[in-house]
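One letter stands for each residue in the lines below.
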Amino acid sequence: KGTGMVDAVQTDIFHQVDKPEVDILFVVDDSCSMSDEQESIAVNFSSFIEFATKQNLDYHIAVTTTDLEDSFSSGGSENGRFVPLDNPLNRVITPQTLPSPNEVFSQNVLVGTEGSGTEQGLEAAYLALSDPLINTHNAGFLRPDSHLSIVFVSDEEDQSDGTFSTVADYLNFFQNIKGFRNTNLFSANAIILLDSVCGSGGGGTEGLRYKFVAESAGGVVEPLCTPDWSISLQNLGKQVFGYKSQFFLTNYPEADSVKVKIDGNEMQQKQDNQTLWSYDTDANSVGFSPFAIPEPGS
């Protein structure tokens, strides 16, 4: 059943959460050049989780690797399985994890450097979040109403050669975990090589595929070659744990016709020479400036 209108107006309604629930999957490169980077994440993890701790947020955090080299039966590779493989109690980290979330994550993220040199982060994330793993080995991680965030950490380009033929297909799968109309409940992020070379092995390539997924899904891209991992992880934490600042529309509007209301009151696009919100044509989304993000419950 369809309806035609002379002057059509599309109204999308979003609710800013009161207390975010966040499920965060770290996909960490475990090839031979990633020792220093794993150590840096482990040491500076408190900077990442600081916001969640202060706000008493509800989170699930899990770690898998980019290694898909061996089959399940060989037991050698994670193949999308959360680590540690032999301890189900510590695979999904929550605020109640003992002895502490920081300590357990710092152990889990040190996935070693004996993994395959053919890094397949996108395929690993797909395997981790789909049947059968999400209902067996990785059960208890994904919640129906939570925000899902994937964090890719690698010093190489993604080389996934499995389920999907294009990066866009992987992105489409990740977004549809929450449903077409709930794309604001998913984000991807990347800590990757950008325009420089670093890493324990002295090599690496720019992670353009990870970058595409992160930018398309409203996440952040941080440089792997950072002198201060605490700042990068702090930036990542603000995006992952913070209240939503980007809202994806269900139809494509005429850009200059978009209006934004907060609790029924129209918000001007600019105030005192500062942009409060903007419409992103490429992403088909409305994004709020940091100082204009809708309040919890609005």
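Residues numbered from 1 in each chain as written. Predicted model: local features only at pLDDT ≥ 70, side-chain atom pairs only at ≥ 80, totals over all residues. Heavy atoms only, no water.

**Q** Please clarify how the nonpolar core should be interpreted in this entry.
**A** Nonpolar side chains in soluble globular proteins tend to be buried together. Core analysis: the largest hydrophobic core is formed by 31 residues, its most contacted members being Ile24, Phe26, Phe48, Ile61, Phe105, Leu236 and Phe241. When residues of this core are traced back to their parent elements, those giving at least two are strand E1 (21-28), helix H1 (35-43), helix H2 (45-55), strand E2 (58-65), helix H3 (101-108), strand E3 (147-154) and helix H7 (229-241). Looking at this core, the element that brings in the most residues is H7, giving five residues. For Phe26, the residues in contact, after removing those within four places along its chain, are Phe48, Ile61, Ala62, Val63, Thr64, Phe105, Val151, Val153 and Leu236. Residues Phe173, Phe174, Ala214 and Ala217 belong to the second largest nonpolar core, which totals 30 residues. (Core = buried A, V, L, I, M, F, W, Y, C linked by side-chain atoms within 4.5 Å. Buried < 20%, exposed > 50% of the residue type's maximum accessible area, 1.4 Å probe, protein only. Helix = DSSP H or I, 4+ residues; strand = E, 2+ residues; numbered from the N terminus. Contact = heavy atoms within 4.5 Å.)

**Q** Whenever I open this one, the side chain of Asp158 confuses me. Can you help?
**A** Structurally, the position occupied by Asp158 is in the loop between E3 and helix H5 (167-176). At a separation of 3.0 Å, a polar atom in the side chain of Asp158 contacts the main-chain amide nitrogen of Gly121. In this structure the side chain of Asp158 is engaged in a polar contact, spanning 2.7 Å, whose partner is the side chain of Ser160. Setting aside its immediate chain neighbours within four residues, Asp158 contacts Glu119, Gln120, Gly121, Leu122, Arg209 and Tyr210. (Polar contact = N/O pair within 3.5 Å; in protein donor to acceptor, adjacent residues only side chain to side chain.)

**Q** What is the right way to look at the sheet that holds strand E11 (residues 277-280) in this model?
**A** Within a sheet, neighbouring strands are paired by backbone hydrogen bonds and run either parallel or antiparallel to one another. Across the sheet, three strands lie side by side as E6-E12-E11; this open sheet has antiparallel pairing. Here the strands that pair on one side only, and so sit at the sheet edges, are strand E6 (246-248) and E11. If you compare each strand with its neighbour and ignore which way they point, the axes differ by 20° on average. Looking at chain direction, E11 and strand E12 (residues 285-288) are connected through four bridges and run antiparallel. Within the sheet, the bridge partner assigned to Asp280 lies in E12 and is Ser285. (Pairing = 2+ DSSP bridges. Axes fitted to C-alpha atoms, helices over the stretch in contact; angles between N-to-C directions.)

**Q** When you look at the sheet that holds E2 in this model, what are you seeing that I'm missing?
**A** In spatial order, the strands read E2-E1-E3-E4-E5; together these five strands make up an open sheet with parallel pairing. Here the strands that pair on one side only, and so sit at the sheet edges, are E2 and strand E5 (221-223). Strand-to-strand, the axes of this sheet are offset by a mean angle of 15°, without reference to chain direction. Pairing between E3 and strand E4 (residues 186-192): seven bridges, direction parallel. If you follow Ser149 over to E4, its bridge partner there is Ser187.

**Q** Is there a simple way to explain unusual backbone geometry in this structure?
**A** Peptide bonds are, in most cases, trans, and in most cases residues other than glycine have a negative phi. A cis geometry characterises the amide bond from Val83 onward to Pro84, with omega recorded as 0°. In this model, Asp131 is joined to Pro132 through a cis peptide bond whose omega is 5°. Within the secondary structure, Pro132 sits in the loop between helix H4 (121-128) and E3. One non-glycine residue, Asn79, lies in positive phi territory at about 50°. Relative to the helices and strands, Asn79 is located in the loop between E2 and H3.

**Q** Is there a simple way to think about the pattern of salt bridges in this case?
**A** Oppositely charged side chains may form a pair once their charged atoms are brought near each other. By the definition in use, this model includes three salt bridges. The closest approach of N and O atoms between Asp58 and Arg143, which form a salt bridge, is 2.9 Å. Linking Asp58 in strand E2 with Arg143 in the loop between H4 and E3, this pair joins segments that are 85 residues apart in sequence. On the basis of relative accessible area, Arg143 is assigned to the buried category, the value being 14%. Taken together, the shared-partner salt bridges in this structure form one network comprising Asp23, Asp58 and Arg143. (Salt bridge = Lys/Arg side-chain N within 4 Å of Asp/Glu carboxyl O.)

**Q** What is the right way to look at the packing of aromatic side chains in this model?
**A** Each aromatic ring pair is summarised here by two numbers: the centre-to-centre distance and the angle between the ring planes. Following the criterion strictly, the structure yields 14 aromatic pairs and no others. On the numbers, 5.3 Å between centres and 75° between planes, the contact of Tyr126 with Phe164 is edge-to-face. Residue Tyr126 is found in helix H4, and its partner Phe164 is found in the loop between E3 and H5; the two are separated by 38 residues along the sequence. Its relative accessible area of 23% is what places Phe164 among the partly exposed residues. (Phe/Tyr/Trp six-rings, centres within 6.5 Å; stacked < 30°, edge-to-face > 60°.)

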